[in-house]
Amino acid sequence: MISVDIVGGGVSGLALAGALDPSRFRVRLHETNPGFIKLGTVLGMWPAAMRALRTLGVDDQVRAVGVPVESAHLCDSSGRRLTFHSAPGNSWLIPRPDLLAILEKAIPGEVEWVHGQVSDPAQLTGDLVVGCDGVRSLVRDTIFGRTAHQTGVMAFRGIVDGPVEQYAPGQHGLVEYWGGGALFGMSPNTRDVTNWYTATREFEVTPQQALDWSREKFVEFPAPVRAVLAAADPRRTLVNRVLEAPMLTSLVRGRYVLAGDSAHAMAPNLGRGACEALVDSAVLAKELSTQPLERALRRYNERRVVAGQAVKLASAAVCRTALAWP
Ligand SMILES: Cc1cc2nc3c(=O)[nH]c(=O)nc-3n(C[C@H](O)[C@H](O)[C@H](O)COP(=O)(O)OP(=O)(O)OC[C@H]3O[C@@H](n4cnc5c(N)ncnc54)[C@H](O)[C@@H]3O)c2cc1C
């Protein structure tokens, strides 16, 4: 029996705990804030994430709750279309709390939950310690000696009642507007709720100040942007500094492994952070289940280190392009 300490019960930690066979792995899942979610903003689940969810046997549940992504429009601040993409089949939007609830339900009863913050990963006794502890990962900071850095960008996001069509008639999928050093995007959250987000250069604000700034900044953007912002409420608005994980050349050090944002936290512009976290967990679980430990970790690293860092850099490039758009 291999013992595994998973630090963090977010997207990657829950997925990994659900994917390890309890007859072969004794799993302890450590989570500081079980069940804590600030706001139910949406996560895009692209095809690779849906395949990872399939290995957990929960992709049908995601489809049952989620909204399919049909298309993605990119426009400038006058509303002129810059690009249009039909979304690849099997791409879904799902509120984060619903995704976490589905992943949590798939965890076998044998998994031991430890509620509380891990303060020293070196004290954990597992044969394997997996850092699924997010962008500010203690496992990465202390064992790999690498910390996350500020990107100088911040994101405001929130949800407003009513479907996207109410704000942007004829619009069903994702739409994003770029211009003047900021971007504004909207998408379905559920069928009856709209998710919105903006990104801009970093400055210090409360949610109310973020909305005041956004209403002024986007006053000349097309009508759907102004309509969403008019409906937005500071109690349903999040303000986040965007951090990025450092460049890592290995996700494995001895018995320690990184997965999800601890390994490759990225700018949110491609909507891929949680997707890559799910892929990490599915790949790690598959390798651990089919290979001896040392070989499994080597294969996990070979399959995920470059892929994760590359998506992180691609996301940063899109972020820079969006904020440089005149
Ligand atoms: C504005 C924005 C929009 C986004 N949109 C998308 C999107 O559309 N699609 C997408 O795929 N991704 C998106 N993401 C990224 C996504 O949210 C993250 O990539 C994803 O949550 C990473 O999952 P994780 O499990 O690695 O980390 P997290 O979800 O951060 O989970 C880490 C967990 O570890 C716990 N923890 C931390 N330290 C400790 C400790 N010492 N002891 C115990 N527990 C600990 C935390 O409490 C937390 O629950 C977005 C991110 C942002 C900021």
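Residues numbered from 1 in each chain as written. Predicted model: local features only at pLDDT ≥ 70, side-chain atom pairs only at ≥ 80, totals over all residues. Heavy atoms only, no water.

Within the secondary structure layout, His30 lies in strand β2 (residues 25-31). Only 2.8 Å separates the side chain of His30 from the side chain of Asp5, close enough to count as a polar contact. If near-sequence neighbours (up to four positions away) are discounted, His30 is found in contact with Asp5, Ile6, Val7, Gly8, Gly9, Val114, Gly116, Val118 and Leu124. (Helix = DSSP H or I, 4+ residues; strand = E, 2+ residues; numbered from the N terminus. Polar contact = N/O pair within 3.5 Å; in protein donor to acceptor, adjacent residues only side chain to side chain. Contact = heavy atoms within 4.5 Å.)

In this section: helix α11 (residues 293-324). For an α-helix, 3.6 residues make a turn, and residues three or four places apart therefore share a direction. Given a rise of 1.5 Å per residue, 32 residues ought to cover 46 Å, and the 46 Å separating the end C-alpha atoms of α11 matches this to within 8%. The largest bend in α11 amounts to roughly 30° and is located at Arg304. (Expected span 1.5 Å × (residues − 1). Bend = angle between axes of the 7 residues up to and from the residue.)

Once that is clear, we can look at the site of the ligand. Around the ligand, the surrounding shell holds 26 residues, and the nearest of these are Ser12, Glu31, Arg96, Asp261 and Ala274. One of the side-chain nitrogen or oxygen atoms of Asp261 is found 2.7 Å away from an oxygen atom of the ligand. Within the backbone of Cys275, a nitrogen or oxygen atom sits 2.9 Å from an oxygen atom of the ligand. Compared with its free state, where it exposes 1000 Å², the ligand has 81% of that area covered by protein. Within the residue set of the shell around the ligand, elements represented by two or more residues are α1 (11-19), β2, β3 (42-45) and α10 (273-290). Of the residues forming the shell around the ligand, the biggest block, 3 residues, is contributed by α10. (Near = heavy atom within 4 Å. Areas by Shrake-Rupley, 256 points an atom, 1.4 Å probe, with all protein chains shown as cover.)

Turning to the environment of Glu302, a few remarks are in order. The residue Glu302 is located in helix α11 in this model. Of the residues examined, Glu302 reaches a relative accessible area of 56% and is grouped as exposed. In this structure, the C-alpha to C-alpha distance between Glu302 and Ser250, residues 52 residues apart in sequence, is 8.6 Å. (Buried < 20%, exposed > 50% of the residue type's maximum accessible area, 1.4 Å probe, protein only.)

The buried fraction of strand β12 (residues 182-190) amounts to 8 of the 9 residues, a majority that puts the element mostly inside the structure. Pairing of strand β11 (residues 174-179) with β12 involves 5 bridges; the strand directions are antiparallel. Residue pairing across strands places Glu176 opposite Gly185, the latter belonging to β12. For β12 and strand β13 (residues 193-201), the ladder comprises 8 bridges, and the chain directions are antiparallel. Counted as the bridge partner of Pro188 is Thr194 from β13. Where β12 hands over to β13, the hairpin turn is made up of 2 residues, counted between the paired strands. (Pairing = 2+ DSSP bridges.)

Let us look at the packing of α10 against α11. Closest axis-to-axis distance for the α10/α11 pair is 8 Å, and the angle between their directions is 165°. Classed by the angle they form, the pair α10 and α11 counts as roughly antiparallel. For the crossing formed where α10 meets α11, the hand is right-handed. Across from Glu276, Val279, Asp280, Val283, Leu284, Glu287 and Leu288 in α10, the residues of α11 making contact are Leu293, Ala296, Leu297, Arg299, Tyr300, Arg303, Arg304 and Val311. Taken together, the residues of the contact of α10 with α11 break down into 9 nonpolar, no polar and 6 charged. (Axes fitted to C-alpha atoms, helices over the stretch in contact; angles between N-to-C directions. Parallel < 35°, antiparallel > 145°, perpendicular 65-115°, else oblique. Left-handed = near helix turned anticlockwise from the far one by under 90°. Nonpolar A, V, L, I, M, F, W, Y, C, P; charged D, E, K, R; others polar.)

Turning our eyes to something else, we now look at the nonpolar core. Formed by 66 residues in total, the largest nonpolar core has its most connected members in Met45, Leu53, Leu99, Leu103, Val130 and Leu278. The greatest single-element share of this core, amounting to 10 residues, is contributed by α10. Apart from residues no more than four positions distant in its own chain, Val130 is found in contact with Val4, Asp5, Ile6, Val7, Leu16, Val257, Ala259 and Leu284. Among the nonpolar cores identified, the runner-up in size contains 22 residues, and Cys75, Met186, Phe221 and Ala232 belong to it. (Core = buried A, V, L, I, M, F, W, Y, C linked by side-chain atoms within 4.5 Å.)

A complete count under the given rule lists 14 salt bridges for this structure. The salt bridge partner of Arg54 is Asp59, with a shortest N-O separation of 3.5 Å. Salt-bridge contacts for Glu276 lead to Arg272; the nearest nitrogen and oxygen are separated by 2.9 Å. Classification of Arg272 as partly exposed rests on a relative accessible area of 28%. A single network of salt bridges, built from pairs that share partners, joins Arg54, Asp59, Asp60 and Arg63. (Salt bridge = Lys/Arg side-chain N within 4 Å of Asp/Glu carboxyl O.)

This brings us to the sheet that holds strand β4 (residues 67-68). With antiparallel pairing, the 3 strands of this open sheet are ordered in space as β3-β7-β4. What marks the edges here is a single partner per strand, and that holds for β3 and β4. Sheet analysis places β4 next to strand β7 (residues 92-95), joined by 2 bridges and oriented antiparallel. Note on β7: the bridge partner recorded for Pro68 is Trp92. Each of β3 and β7 touches helix α4 (residues 96-105); the most contacted strand, β7, lies at about 90° to it.

With respect to topology, 7 strands assemble into an open sheet ordered β6-β5-β11-β12-β13-β10-β14, the strand pairing being mixed. Two strands bound the open sheet, and with one partner strand each, they are β6 (81-86) and β14 (237-244). Neighbour-to-neighbour, the strand axes of this sheet turn through a mean angle of 20°, independent of strand direction.

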